[in-house]
Amino acid sequence: MISNSSIKVRIAPSPTGFLHIGTGQSALYNWLFAKKMGGKFYLRIEDTDRERSTKEYEESILGALRWLGLDWEGEVIRQSERTQLYRTALEKLLSEGKAFYCHHSQEELEAERQRQEFEKVPPRHECNHKDLPLGKEGGGIIRLNVGNSIQVISFEDQIKGHIEFKAGLLGDFSIARTVSDPLYNFAAVVDDAEMEISHVIRGEDHISNTPKQILVYEALGLPIPLFAHLPLILAPDRTKLSKRHGAMAVVDYKKDYLPQAIVNFLGGLGYTFSKDLLSREEMIAEFDLSKVHKSGAIFDTKKLNWINCQYIKRLSPEEFRTVSGIQEISDSAVPLVTERLEKLSDAQEFAYLWQEPVYEKELLNWKTSSPEEVKNSLTQTLAVIEELENITDEALRSDLDKLSTATGNKGLVFWPLRVALSGKDKSPDPVQLAVVLGKKETLKRVHKAIEMF
Ligand code: GLU
């Protein structure tokens, strides 16, 4: 692959929660773009919110990205380890009068907000204390000196096209609590510039932050990257996907889904690939940032389950044992399960393939047949199996068909055998079960069923 050292992208999750499925998708598109362009994909942990950030969440985010197979370049970058960088940049802005300490109290800011709400103008703070000595630390938070500028801030979004904002509507927005405690819109800019990020690819919920960040770049005299805002994933009711619609964290999907299914599903939610099931290499080859959809797609669990099902079917016995954690299952039993699974955790419904089933005697009864008839049928089946050197599908099926013809009641032969082997009223075909369980185990289970009478 060609290497293009000028293409650098990043994903910048905050460790204040688990990796959100939407952030997982953003990570995927960043990763695909970097791979496609021969660029680099970085991981930056935005842990400036010290109260809400935890190491556990960070570990979980790293684990989720690894599970999805979205490998990043070099070491993890942590904002908490870069305080000096932000401090230097903040002090520069303060000394140049481009930022200032705001001395307004919470009450004054609240009154301003209420007045703006009443006047139906966008909420913002226009500070009229800027001429106070700039260096007066401790007076309050640090704001960017925007004022009621008439500047129009515009950018060419790589997905959404031309976007513009009036700078004056932003007010003197806050950029740090103190020189060593920067806020997101400031720290992200300093980092993206320092990391030489060429394309900021993130969810469209960040569009409103972009003009603020552009003003920070300008104030610091730093080159502005390209922006690409991804459409949000929507819930079936077309509202923003949230907890009330089900699992939101990538880790929540681990017990049921294969990572490649998640990758294909998330990829397809904002992009039209040539098919539903693609390898990573195929996704990379097809990906074109400018072709990402402009509007969001609905999170369709049925589609996700279908994709998952297709990948589960392709698992080898060894792979299945690893992903399901079910070590006891035999090679020949695996296809009986994988052919029928949408979610990995449902494999437990097939536990009779690797452990003896427990069930109520009544389940063995077939329609109107009497218990004697059922017991008789099982006894004849037992004799048939004992006769076989080992169970093959063909031999057992033809013997049981003969038994059925003799009694004129197919159900009376096959139903009790199904229950004896699976303990369930629904299972794969009982002959298949017998083949997979083998002669010894099949005889044991049929015996046990007979003894219940
Ligand atoms: N920490 C921000 C988030 O998790 C990063 C946004 C960005 O990519 O700039 O949403």
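Here we summarise the structure given alongside this text. (Residues numbered from 1 in each chain as written. Predicted model: local features only at pLDDT ≥ 70, side-chain atom pairs only at ≥ 80, totals over all residues. Heavy atoms only, no water.)

Relative to the helices and strands, Ser198 is located in the loop between α5 (184-194) and β10 (199-203). A polar contact is formed between the side chain of Ser198 and the backbone oxygen of Ser6, at a distance of 3.4 Å. Setting aside residues no more than four positions away along its own chain, Ser198 makes contact with Ser6, Ile7, Lys8, Pro225 and Leu226. (Helix = DSSP H or I, 4+ residues; strand = E, 2+ residues; numbered from the N terminus. Polar contact = N/O pair within 3.5 Å; in protein donor to acceptor, adjacent residues only side chain to side chain. Contact = heavy atoms within 4.5 Å.)

With that out of the way, let us pick up the sheet that holds strand β5 (residues 142-144). Taken together, four strands build an open sheet; the order of strands is β4-β5-β8-β9 and the sheet is antiparallel. Strands with a single pairing partner mark the edges of an open sheet, and in this sheet they are β4 (99-101) and β9 (181-182). Relative to β5, β4 runs antiparallel, the two sharing three bridges. Counted as the bridge partner of Phe100 is Arg143 from β5. (Pairing = 2+ DSSP bridges.)

Moving on: the site of the ligand. Every residue lining the ligand is accounted for by Arg10, Ala12, Pro13, Ser14, Glu46, Tyr184, Arg202 and His206. One of the side-chain N or O atoms of Arg10 is found 2.6 Å from an oxygen atom in the ligand. At a separation of 2.8 Å, a nitrogen atom of the ligand approaches a polar backbone atom of Ala12. Isolated, the ligand exposes 300 Å² of accessible area, and the fraction of that covered by the protein chains is 80%. Residue composition of the shell around the ligand, grouped by class: three nonpolar, two polar and three charged. (Near = heavy atom within 4 Å. Areas by Shrake-Rupley, 256 points an atom, 1.4 Å probe, with all protein chains shown as cover. Nonpolar A, V, L, I, M, F, W, Y, C, P; charged D, E, K, R; others polar.)

Orientation of helix α13 (residues 393-407) relative to helix α14 (residues 410-422), taken along the N-to-C sense of each, is 135 degrees, at an axis distance of 7 Å. By the criterion of interaxial angle, the relationship of α13 to α14 is oblique. Residues Leu400, Asp401, Leu403, Ser404 and Thr407 of α13 pack against Lys410, Val413, Phe414 and Leu417 of α14. When the residues that make up the contact of α13 with α14 are grouped by side-chain class, the tally is five nonpolar, two polar and two charged. (Axes fitted to C-alpha atoms, helices over the stretch in contact; angles between N-to-C directions. Parallel < 35°, antiparallel > 145°, perpendicular 65-115°, else oblique.)

Pairing is parallel across the open sheet formed by three strands, whose spatial order is β1-β2-β3. Each edge of the open sheet is held by one strand with a lone partner, namely β1 (8-11) and β3 (77-78). Summarising the sheet, strand β2 (residues 40-45) and β3 pair through two bridges and their orientation is parallel. Of the residues in β3, the one forming a bridge with Arg44 is Ile77. Seen against the sheet, helix α2 (residues 55-68) touches β1, β2 and β3 and runs at an angle of roughly 160 degrees to β2.

A word on the packing of α13 against helix α15 (residues 430-451). Viewed as axis vectors pointing N to C, α13 and α15 meet at an angle of 135 degrees, and their least axial separation amounts to 9 Å. Looking at the two axes, α13 sits oblique to α15. Considering only the axes of α13 and α15, their crossing is right-handed. Of α15, the residues touching α13 (which contributes Asp393, Leu396, Arg397 and Leu400) are Val431, Gln432, Ala434 and Val435. (Left-handed = near helix turned anticlockwise from the far one by under 90°.)

An α-helix turns once every 3.6 residues. As a result, residues three or four positions apart point the same way. Most of helix α7 (residues 259-269) sits inside the fold, with nine of its eleven residues counted as buried. Where α7 is concerned, the buried positions are Gln260, Ala261, Ile262, Val263, Asn264, Phe265, Leu266, Gly267 and Leu269. Those residues of α7 that are buried are in contact with α1 (21-37), α2, α8 (280-286) and α9 (301-313). (Buried < 20%, exposed > 50% of the residue type's maximum accessible area, 1.4 Å probe, protein only.)

Bringing the state of the cysteines into the picture now. By definition, a disulfide is the covalent link that joins the sulfur atoms of two cysteine residues. A complete count under the given rule lists zero disulfides for this structure. Here Cys102 stays unpaired: no disulfide links it, and the sulfur of Cys127, its closest cysteine neighbor, is 3.8 Å away. Cys127 sits in the buried class, given a relative accessible area of 9%. (Disulfide = S-S within 2.5 Å.)

The next thing to look at is unusual backbone geometry. Trans peptide bonds make up the majority, and among non-glycine residues the majority have a negative phi. Phi is positive for Lys120, close to 55 degrees, though the residue is something other than glycine. Of note, Lys120 is situated in the loop between α4 (106-118) and β5. The backbone of Arg238 shows a phi angle near 65 degrees, a positive value even though the residue is not glycine. Relative to the helices and strands, Arg238 resides in the loop between β11 (226-230) and α7. Among the residues examined, Arg238 registers a relative accessible area of 55% and is labelled exposed.

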